[in-house]
Amino acid sequence: MKRAFCVLATGVNENKLSASNMAKMVDFKQWKFRSPPNYAELPIDDNLNYKEPVAVKNAVFSKVPTEPLIGKLHLVCASEEALLDIMDLDPKVAETDEFVDFLAGKYLPEGSLSVSHRYGGYQFGYWADQLGDGRAHILGEYVNSKGESWQLQLKGSGETPYSRFGDGRAVLRSSVREMLASEACYHLGIPTTRAVGLVVSDEHKVWRDKSYSGAARQERAAVVLRAAAAWYRLGSFEILLKRKEPQLAARLADFIIEHHFPHIDMADEDKYVKWYSEVAHKNLDMVATWQGLGFTHGVLNTDNISILGVTIDYGPYGFVEHYSEHYVPNSSDDMGRYAFNKQPDILLWNLEKFAEALQPILSELDKVKIKAILDSLDEYVDNKIVTTYITKLGLEQIQDGDELLVKELLDMMESTSSDFTCTFRQLAEVDIEELQNPDALESKWALAKVSKARNWLKWLQKYTDRLQKENVSEPTRRQRATRVNPLYVPRNWMMQEAIADAEKNDFYKVRLLLKIFRDPFTVNEEAEKLGYSSQPPSWSYGLKLSCSS
């Protein structure tokens, strides 16, 4: 059986490793979850009739067993960093049958409590009622040697009460994309859930219509092991509002504050206001990082927004290539609701819905205070995004005119179809005086394109003046900018090539991409040979993904 590595986040059990035992565990059979997990304090529905859709009531979770993959299994990749730093495991563990069986849902360590989370959500602006973990199982909690608590979750591990009419499975192509994006975003500095490992079966097949064209075909089933501090979403409260369960909403809110926002005093009469403010600002901080890196989530429904302010559920996402503010990676988003430039406004809309969901547990004064917070969020996120962009330009202090400076650069990039990632990176690599010299830009393909814009020289002068105004030296500018502008991001064409090989059980490129994304700001010789920072191939333009997974 083939083995490999990747990255993620988790948490250890109460049987913490002793301070003197810093060697990582090599026997996975000895690895245990904390028992019981904290989430066992919340109501868990134990009706095991999960083979047909059911309207779950008065519960936060449903107790559901995993349905293991069958057939010959292949470890596509596993995260070396997650194993070492998060799960306190030696990377050699990934080579064991027990670990592969764990990823496949066959082996559950001691202390496991397998549950699926109940939530609802607004999808493309419309209430979709009960959704929930339709193919995911939270296996347990682990508190690692650093004291970090993480919930491990399998995705693609079988049917649950929330599967609706799905089969509870995920396919290899979507699982590879989730694995790569989770880890890449982490190393790019985007708040995110993590991905520990990925396994695929040779014989376990499922039917999927990849393009929704009526031409379904069989694909191999796969499972991703994900990790997060918790998996609660805005929709976790929306379902409780719609089903008129205010007591459970208050209980869940108190639980989340106690365990995930412990600095908020439970006796504080403003606890819900302070909590709402943190959820809102964390999510807006997150979207600002997306905008600065060209990341477009693709499906920003309220059920895909984390209470903890981390990126969750990587489906038909994409990173902007030839810049267009209206970039839409999801072929199902016909109206462009979740386009790149609309993401901040969509987060604000979602946060309004979250405020609505909390209304039954708020005092009248709470409602007034949360309304005031909502009214301030538009300006807050605008400033965060401008700050993100000026940081990419090697600046630190927001000044009058910065928003226009950024807008003019993006407009030039759009008019010349310049690459988002590489324009910013190459701008950081070339001396400011050389940016006016066409000959000096010949080897910088992205800059060569944007420099053809009509206002390029005029913009360069404004940029130079702005740097002088802040007394930023040229070495400082380049050092700052190269530190935050990556060379490598998960471009759809790169992942498509890796997926095509993985379908033939050749996992080299998947593993290589994980290695490259571990340090996306540093030149990697293998990546350069494969053209990962070069102009994308012509066949990649216009690549879109669907929600089929």
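Shown above is the structure to which this text applies.
Residues numbered from 1 in each chain as written. Predicted model: local features only at pLDDT ≥ 70, side-chain atom pairs only at ≥ 80, totals over all residues. Heavy atoms only, no water.

**Student:** Explanation requested: the overall build of the protein chain in the structure shown.
**Tutor:** Looking only at helices and strands, the protein chain has 16 helices and 13 strands in total. A compact globule built from 549 residues would reach a C-alpha radius of gyration of about 24 Å, and the protein chain, at 24 Å, matches this within 12%. Principal axes of the C-alpha set define a box for the protein chain whose edges measure 70 × 60 × 60 Å. Out of the 549 residues in the protein chain, the part that is buried amounts to 59%. Residue pairs in contact within the protein chain that sit at least 24 positions apart in sequence constitute 74% of those at least 6 positions apart. Entry remark: accessible area of the protein chain is about 21,700 Å², with carbon and sulfur atoms responsible for 49%. (Helix = DSSP H or I, 4+ residues; strand = E, 2+ residues; numbered from the N terminus. Rg over C-alpha atoms; globule rule 2.2 N^0.38 Å. Buried < 20%, exposed > 50% of the residue type's maximum accessible area, 1.4 Å probe, protein only. Contact = heavy atoms within 4.5 Å. Areas by Shrake-Rupley, 256 points an atom, 1.4 Å probe, with all protein chains shown as cover.)

**Student:** What's the story with the pattern of salt bridges in this structure? I'm lost.
**Tutor:** Between side chains of opposite charge, a pair can form as their charged atoms come close. Counting across every chain of the model gives 37 salt bridges. Close ionic contact of Lys155 with Glu178 constitutes a salt bridge, the shortest N to O distance being 2.7 Å. Separated by 23 residues along the polypeptide, Lys155 in strand 8 (residues 149-155) and Glu178 in helix 3 (residues 172-188) bring together distant segments of the chain. Side by side, Lys155 and Glu178 carry an identical accessibility label, which is buried. Salt-bridge contacts for Asp254 lead to Lys271; the nearest nitrogen and oxygen are separated by 3.0 Å. (Salt bridge = Lys/Arg side-chain N within 4 Å of Asp/Glu carboxyl O.)

**Student:** Is there a simple way to think about helix 4 (residues 235-242) in this case?
**Tutor:** Each α-helix turn comprises 3.6 residues. Residues three or four places apart therefore point the same way. Here helix 4 lies mainly inside the structure; 6 of its 8 residues are buried. Those residues of helix 4 that sit buried are Gly235, Ser236, Phe237, Glu238, Ile239 and Leu240. Residues of helix 4 that are buried sit in contact with strand 4 (115-117), strand 5 (120-123), strand 6 (126-130), helix 5 (246-260), helix 6 (271-293) and helix 7 (343-358). Looking at the residues trailing helix 4, positive phi occurs at Lys244, about 55°.

**Student:** How do you make sense of the packing of aromatic side chains when you look at a structure like this?
**Tutor:** For any pair of aromatic rings, geometry is given as the distance between the ring centres together with the angle between the planes. A complete count under the given rule lists 33 aromatic pairs for this structure. Seen from their ring centres, Phe28 and Trp31 are 5.7 Å apart, and the 20° between their planes marks the pair as stacked. Assessed through its relative accessible area of 2%, Phe28 is described here as buried. Ring centres 6.2 Å apart and planes at 55° place the aromatic pair Phe61 and Tyr232 in the tilted group. Of this pair, Phe61 sits in strand 2 (residues 61-63) while Tyr232 sits in the loop between strand 11 (217-228) and helix 4; the two residues are 171 residues apart in sequence, bridging distant segments of the chain. Across this residue pair, the class does not change: Phe61 and Tyr232 are buried. (Phe/Tyr/Trp six-rings, centres within 6.5 Å; stacked < 30°, edge-to-face > 60°.)

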